[in-house]
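Chain by chain, the residues run as shown.
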Protein chains: 2
Amino acid sequence: MDTTQRTDQQRSADRRRRELLEAADRVVLRDGPQASMNAIAAEAGITKPILYRHFGDKGGLYAALAKRHTDALLDSLRAALDAPADRRERVESTLDTYLAAIEARPQVYRFLMHPAEGSAGAEQGFDVGKHSAPLLRRMGEELAQVIEERVDLGPESQQLARVWGHGIVGMMHAAGDWWLGERPCSRAELVRSLADLLWGRLAAAGDRMGGPGF
Amino acid sequence: MDTTQRTDQQRSADRRRRELLEAADRVVLRDGPQASMNAIAAEAGITKPILYRHFGDKGGLYAALAKRHTDALLDSLRAALDAPADRRERVESTLDTYLAAIEARPQVYRFLMHPAEGSAGAEQGFDVGKHSAPLLRRMGEELAQVIEERVDLGPESQQLARVWGHGIVGMMHAAGDWWLGERPCSRAELVRSLADLLWGRLAAAGDRMGGPGF
DNA sequence: GACTCGGGTTACCGCTAGTAACATCGCACC
DNA sequence: GGTGCGATGTTACTAGCGGTAACCCGAGTC
C-alpha cells in the first residue's frame, strides 16, 4: 500500500529527527545557548543542510528542542500544581520543582530562557511582545489556567488569573535566576521566602521607623 | 600644566563618547537590540574601529548605553518608591512608573532586557548566573535595599528583602512584557491586579468547587 | 536502462564582531 | 623650524555565523 510506505518513511524521518534532537541536546548541554548549527551538525555526524531540511532554520530547531524540555518541565509542574494538598503546600512544591529543575541543568535552563531572535535581520517586525522566552509564556498561561480553575476570584477572574499567572512565573524566574547566580541561601529557604511574599507578608509587615508618614 | 591639558583631552574624549552614545541610542531606538556596530558607526558618521577604541567591544557599548537608560529609569522608580505615601500607594505608583516607561519606548526596553552575551565565544565561562539583564539585577537590588530600609521584617530581614526585591522585579517584568504584547487590559488595571497579588489576595481567596481536598 | 527521489556533501553568500596596518593632523620639545 | 609622538581616523582584512544553491549518489520503479 501507499500509506504503509509513507508511514515507513515518516517513521524513519521521525527517528532521524529524534536523533538530531538528541545530538542538539548534547551540544546545548555542553555549549549553552551559543550552540551553533555547525557544532550540532558535527555532533550528529552530518552536515548543516540536513539540519536545515529537518527544522527549517535555527528557530525551528530551537523550538523543537525547547518543546521537549518545556513539555517535560511543565509535566512536573502540573503534577506539583494538581496535587491534593492545601494551596500553600501546592505553591511551595511547585516553586521547589521549578527551582530544582533549573538547579539540576542550568545550561538547558539558559537555553530555554533565551529568546528566539531570528538573527538574519530580514523580517524583524516590530513585534515587541515576543521578547520573553516561550517557556515563560507557556508557564504563565498554564498557571493562569490552574488559578482560574481552582481559585474563586469573583468577576474578572480570568483577567486576574492571567495577570497573576504571568506575574508569579516571572517572580519565580527572576528569583531563581538570581539565586542560581549567587546562592545566598538554600532552596528550601528561597521557596519559603517566595511563598511568604505571595502570602501577603509584605503587606502585613510593619513600617520600620515610626509612622508611615515619613 | 600637564593636568589641564589632560582634562582638555579628556573632555573632548568624553564629548565624543557622549555623541557616540547618542548615535547608538538613535540606532537602537530604530533597530531594536539587533543594532549592529556597523549601523551605529554609520549613524555616528564614523567607522567601526573608533567605536571599539571607545568602548572595547560590543558589550562595553551595550553596558554604557544601558547604564544611561537604567540610571534614568531607576531615578524615576526611586522617586515613586520614596514618596511619602502609604505602602500600597507607593507600590502601585512604582509599578505604574515602570510600565509607563516600557510602554513609551518598547525598543529601548527590549534592548535593555537583552542579556549581554559575549558573542565571540572565546571566554564564555560557566557563569550561569548572568543570564538576566543587568537592568533586572539592579532593579532587584535597589528594591531589596528599599524594602530592608523601610519594612520591618524581623530577623533574616536582609535575606528576605533580597529575595523579595528580585522576585517582585521579576513579577513586574514578566507581567509587563506579557501585557505589552497582548494588551489585554489598561495599565491601571494591570497595576491594581499586581498590587492585589502582592497584597496576598491569592492566599485569601477561596477555593472554587467545594473543599480543598479535591 | 533511463528516471526520479530522498539523504548527503561541497562550496558558496552575506552578514556579523573584532583587528591589524596604514594615514594624518596637532602639538610639544630641542 | 624640523622632529617625534599621540590621538583620530581610515581601509582592508580575519574568523565565524546562519542559511542556501548546486551537485552527487544509491535505491527503487516503469
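Scroll up to find the structure.
We now turn to the structure provided with this report.

**Description of the overall build of chain A**
Helix and strand content of chain A: 10 helices and 2 strands. Its helices and strands in sequence order give chain A the pattern α-α-α-α-α-α-α-β-α-α-α-β, from N to C terminus. Evaluated residue by residue, chain A yields a buried proportion of 45% over its 214 residues. Intrachain contacts of chain A at a sequence separation of at least 6 include 61% that bridge at least 24 residues. Of the roughly 10,700 Å² of accessible surface on chain A, a fraction of 51% belongs to carbon and sulfur atoms.

**Some remarks on the protein's contact with DNA strand D**
The environment of DNA strand D is formed by 17 residues, the closest being K48 and K58 of chain A together with R16, T47 and R53 of chain B. Within 4 Å of the protein, atoms of DNA strand D come from sugar and phosphate in 46% of cases. Between K48 of chain A and DNA strand D, the recorded distance is 2.6 Å, taken from a side-chain N or O atom to a base oxygen. Between a base nitrogen of DNA strand D and a side-chain N or O atom of R53 of chain B, the distance comes to 2.3 Å. If you list the elements that add at least two residues to the surface near DNA strand D, you get α2 (37-44) and α3 (48-55) of chain A together with α1 (2-31) and α3 (48-55) of chain B. Classifying every residue of the surface near DNA strand D gives 6 nonpolar, 6 polar and 5 charged.

**Quick notes on the packing of aromatic side chains**
Counted under the stated rule, the structure contains 2 aromatic pairs over all chains. Sitting over the ring of W179 of chain A, R183 of chain A keeps its end group 4.7 Å from the ring centre. The cationic tip of R88 of chain B hangs over the ring face of W199 of chain B; the distance from NZ or CZ to the ring centre is 5.4 Å.

**A few points about the nonpolar core**
Of all hydrophobic cores here, the largest spans 118 residues; its most connected members are Y98, M139 and W164 of chain A together with Y98, M139, W164 and I168 of chain B. Setting aside its immediate chain neighbours within four residues, W164 of chain B contacts S193, D196, L197, R201 and L202 of chain A together with I147 and L153 of chain B.

**Let's talk about the pattern of salt bridges**
Residues and elements named next belong to chain B. Tallied over the entire structure, the rule returns 42 salt bridges over all chains. In this structure, the salt-bridge partner of R183 is E103, at a minimum N-O distance of 3.2 Å. Of this pair, R183 sits in the loop between α8 (157-182) and α9 (187-198) while E103 sits in helix α5 (residues 87-104), placing them 80 residues apart in sequence. Judged by relative accessible area, which is 43%, R183 ranks as partly exposed. In this structure, the salt-bridge partner of D196 is R201, at a minimum N-O distance of 2.8 Å. When its relative accessible area of 13% is taken as the criterion, D196 is described as buried. The class of R201 is partly exposed, set by a relative accessible area of 32%.

**Notes on the relation of the copies chain B and chain A**
For these two chains of identical sequence, chain B goes onto chain A by a turn of 180° and a shift of 0.0 Å along the axis, with RMSD 0.1 Å. The relationship between the two copies is best expressed as a two-fold rotation axis.

**Quick word on the protein's contact with DNA strand C**
Near DNA strand C you find 15 residues, and of these T47 and R53 of chain A together with K48, Y52 and K58 of chain B are the closest. In DNA strand C, atoms within 4 Å of the protein come 53% from sugar and phosphate. Between DNA strand C and R16 of chain A, the relevant distance is 2.9 Å, taken from a phosphate oxygen to a side-chain nitrogen or oxygen of the residue. Measuring from a phosphate oxygen of DNA strand C, one finds a side-chain N or O atom of K58 of chain B at 2.6 Å. Broken down by secondary-structure element, the contributors of at least two residues to the surface near DNA strand C are α3 of chain A together with α3 of chain B. Across the surface near DNA strand C, the residue classes break down as 6 nonpolar, 4 polar and 5 charged.

**Remarks on the side chain of D196 of chain A**
Relative to the assigned elements, D196 of chain A resides in helix α9 (residues 187-198). The contact partners of D196 of chain A, leaving out residues within four places of it in the chain, are R88 and R201 of chain A together with W164 of chain B.

Conventions we followed
- Residues numbered from 1 in each chain as written.
- Chains lettered and ligands numbered in written order.
- Predicted model: local features only at pLDDT ≥ 70, side-chain atom pairs only at ≥ 80, totals over all residues.
- Heavy atoms only, no water.
- Helix = DSSP H or I, 4+ residues; strand = E, 2+ residues; numbered from the N terminus.
- Buried < 20%, exposed > 50% of the residue type's maximum accessible area, 1.4 Å probe, protein only.
- Contact = heavy atoms within 4.5 Å.
- Areas by Shrake-Rupley, 256 points an atom, 1.4 Å probe, with all protein chains shown as cover.
- Near = heavy atom within 4 Å.
- Polar contact = N/O pair within 3.5 Å; in protein donor to acceptor, adjacent residues only side chain to side chain.
- Nonpolar A, V, L, I, M, F, W, Y, C, P; charged D, E, K, R; others polar.
- Phe/Tyr/Trp six-rings, centres within 6.5 Å; stacked < 30°, edge-to-face > 60°.
- Lys NZ or Arg CZ within 6 Å of the ring centre and 35° of its normal.
- Core = buried A, V, L, I, M, F, W, Y, C linked by side-chain atoms within 4.5 Å.
- Salt bridge = Lys/Arg side-chain N within 4 Å of Asp/Glu carboxyl O.
- Least-squares fit on C-alpha atoms with pLDDT ≥ 70 in both.

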